[in-house]
Amino acid sequence: MKKRWLIIGVIIIVIIIALFIGGRFLNRASEEELTEQNTNIKITPQMVTSVERGDLKKTVSTSGYLQPADEKALTFSLNGEIEEVLVSEGKRVTEGEALVRLEKSQQEYNYLKAKNTYELIKTSGSESEIKEQELNFQIAKKNLEDTTLKAPFSGLITEVSVKPGDYINSGREVAYIIDDSSYEIEVAVNEIDSLEIEVGQEAIIILDAFPGREFSGRVTEIHNYTQNVNGVVTLPVTVQLDKTDRQFKPGFSALVEIIIGKAEGELLVPISALLERKGQQMVVKVVDNKPVFTPVKVGFSDGVYTAIEEGLVEGEEIVINVFEFAKAGSKNNTTQSVPGMGGFMRPKK
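In this report, the structure presented in the accompanying data block is examined. (Residues numbered from 1 in each chain as written. Predicted model: local features only at pLDDT ≥ 70, side-chain atom pairs only at ≥ 80, totals over all residues. Heavy atoms only, no water.)

Describing the pattern of salt bridges
Step number 1: A complete count under the given rule lists 13 salt bridges for this structure.
Step number 2: The salt bridge partner of Asp180 is Arg92, with a shortest N-O separation of 2.3 Å. Residue Asp180 is found in the loop between strand E10 (173-178) and strand E11 (183-190), and its partner Arg92 is found in strand E5 (residues 92-93); the two are separated by 88 residues along the sequence.
Step number 3: A relative accessible area of 37% means that Arg92 is categorised as partly exposed.
Step number 4: A salt bridge links Lys122 to Glu119, with the nearest nitrogen and oxygen atoms 3.4 Å apart. Taken together, the residues Lys122 and Glu119, both in helix H2 (residues 105-124) and 3 residues apart, mark about one turn of the helix.
Step number 5: For Glu119, a relative accessible area of 38% puts it in the partly exposed group.
Step number 6: By sharing partners, the salt bridges in this structure join Arg92, Asp180 and Arg246 into a single network. (Salt bridge = Lys/Arg side-chain N within 4 Å of Asp/Glu carboxyl O. Helix = DSSP H or I, 4+ residues; strand = E, 2+ residues; numbered from the N terminus. Buried < 20%, exposed > 50% of the residue type's maximum accessible area, 1.4 Å probe, protein only.)

Let's talk about the packing of aromatic side chains
Step number 1: Applying the stated criterion across every chain yields a total of 7 aromatic pairs.
Step number 2: Between the aromatic rings of Phe210 and Phe248, the centroid separation amounts to 5.5 Å while the plane-to-plane angle is 75°, which identifies the pairing as edge-to-face. Of the two residues, Phe210 sits in the loop between strand E12 (202-207) and strand E13 (215-222) while Phe248 sits in the loop between strand E15 (232-241) and strand E16 (253-270), which places them 38 residues apart along the sequence. Like Phe210, the residue Phe248 is buried in the burial classification.
Step number 3: Over the ring of Phe293 we find Arg277, and its NZ or CZ is 4.3 Å from the ring centre. (Phe/Tyr/Trp six-rings, centres within 6.5 Å; stacked < 30°, edge-to-face > 60°. Lys NZ or Arg CZ within 6 Å of the ring centre and 35° of its normal.)

Some thoughts on the sheet that holds strand E3 (residues 71-75)
Step number 1: With antiparallel pairing, the 4 strands of this open sheet are ordered in space as E3-E10-E8-E5. Two strands in the sheet have a free side with no partner beyond their single neighbour: E3 and E5.
Step number 2: Sheet analysis places E3 next to E10, joined by 5 bridges and oriented antiparallel. Bridging from a neighbouring strand, Leu74 pairs with Ala175 of E10. (Pairing = 2+ DSSP bridges.)

Description of the sheet that holds strand E4 (residues 80-85)
Step number 1: Taken together, the 4 strands give an open sheet; going across it, the order is E7-E6-E4-E9, and neighbouring strands pair in antiparallel fashion. Every other strand in the sheet has two partners, leaving strand E7 (148-150) and strand E9 (167-168) as the edge strands with one partner each.
Step number 2: Pairing between E4 and strand E6 (residues 98-102): 3 bridges, direction antiparallel. Bridge pairing in E6 places Glu84 opposite Arg101.

Some thoughts on the packing of H2 against helix H3 (residues 127-145)
Step number 1: The geometry of H2 relative to H3 is characterised by a closest axis approach of 8 Å and an angle of 155° between their N-to-C directions. Taken together, the axis directions place H2 and H3 in an arrangement best described as roughly antiparallel. H3 is crossed by H2, and the crossing has left-handed handedness. Contact with H2, carried on its side by Gln107, Glu108, Asn110, Tyr111, Ala114, Lys115, Thr117, Tyr118, Ile121 and Lys122, involves Glu129, Ile130, Gln133, Glu134, Asn136, Phe137, Ala140, Lys141, Asn143 and Leu144 of H3 and no other residues of that element. (Axes fitted to C-alpha atoms, helices over the stretch in contact; angles between N-to-C directions. Parallel < 35°, antiparallel > 145°, perpendicular 65-115°, else oblique. Left-handed = near helix turned anticlockwise from the far one by under 90°. Contact = heavy atoms within 4.5 Å.)

With respect to the pairing of E16
Step number 1: Sheet analysis places strand E2 (residues 52-68) next to E16, joined by 13 bridges and oriented antiparallel. Following the sheet pairing, Leu56 is matched in E16 by Ala263.
Step number 2: Pairing of E12 with E16 involves 5 bridges; the strand directions are antiparallel. Looking across to E16, one finds that Ile206 is bridged to Leu255.

Brief notes about the nonpolar core
Step number 1: With 23 residues, the main nonpolar core has Ile185, Ile197, Ile205, Leu207, Phe248, Val256 and Ile258 as its most contacted residues.
Step number 2: When residues of this core are traced back to their parent elements, those giving at least two are E2, E11, E12, E13, E15 and E16.
Step number 3: Dropping the residues within four chain positions of it, Leu207 is found in contact with Leu66, Phe215, Phe248, Ser253 and Ala254.
Step number 4: One finds Phe76, Leu78, Val160 and Val174 within the second-largest nonpolar core, a separate group that totals 19 residues. (Core = buried A, V, L, I, M, F, W, Y, C linked by side-chain atoms within 4.5 Å.)

What about H3?
Step number 1: For H3, spanning 19 residues, the distance from its first C-alpha to its last is 27 Å, which sits close to the expected 27 Å at 1.5 Å a residue.
Step number 2: Among the residues of H3, Gln133, Phe137 and Ala140 are the ones counted as buried. Down the axis of H3, the buried side of the element spans an arc of 65°, and every buried residue falls inside it. Seen from the open side of H3, the exposed residues pointing more than 90 degrees away from its buried face are Glu127, Ser128 and Ile139.
Step number 3: Residues of H3 that are buried make contact with H2. (Expected span 1.5 Å × (residues − 1). Arc of directions from axis to C-beta.)

Read these as layout, nothing more, since geometry by itself doesn't imply function.
Okay, here's the thing in structure tokens:
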């Protein structure tokens, strides 16, 4: 009985070895057949490109409008008559500079009265009476100070809406100021692309008002809420410009390219030059005007070009579009998929 089981085991092992060797042979024959088919494809100069080094940038495109990083409508906290307007539209002011004054005789009277009462009560009043008059004095002092409207920060006065003699109520806008030393753009990023946005990422900004020029910036804020407009969900993102121009105006339209990834000085091939065979990315290298399948290790891609980390050297020639080779491979079930196809321009070095 033991001898019988031993013979059966030997037979099973022989069958397994035979199947393995046969499979290797069939796969090799199939690959050789594919190579022979592809060798018959005529290689023309238009089909070939040299492998060169270059830079890649993957970006998220969006748009928005230029706006100052800080802006404010200026108002008085008191009612009163405008006595003096010290600024005009287009004037640059510094932080703390006086801009508009109210007629202040009533506020001066209230201040002096509160001050005298406070000084008197300090000598004979109770603790609570002293505290009450102290608070009354501080309020009167603040109201007197508030009859002069001052610049909250250095910037540009873009609007003045009052003139001497006007009577205004508290809260009414009398002027508008922007900090034109720093500009930003709030953009709406698609909810899918938003997952790749991070604070600090660089951005390229193109303003319609400045054709032919590019401005740099970076992401400074990613909001914690989304917006839904007609079923389209976006995430507000703030991009601040690195430098400004005196000719910038709030509201200028801007195209923003947020750089979510980049590679510099890498070997580049168009994605149409890549195909996948049995889980391995490959290119078709041209050697003596004949195609040679060459496995490569791919890196970063911008959707048009892909960086090659291993498998090619600078100056080697490859087929730009491997569509014909992929078709031949698919007939033999050796090619699994083909990346995008088409004509491409080489990235700028």
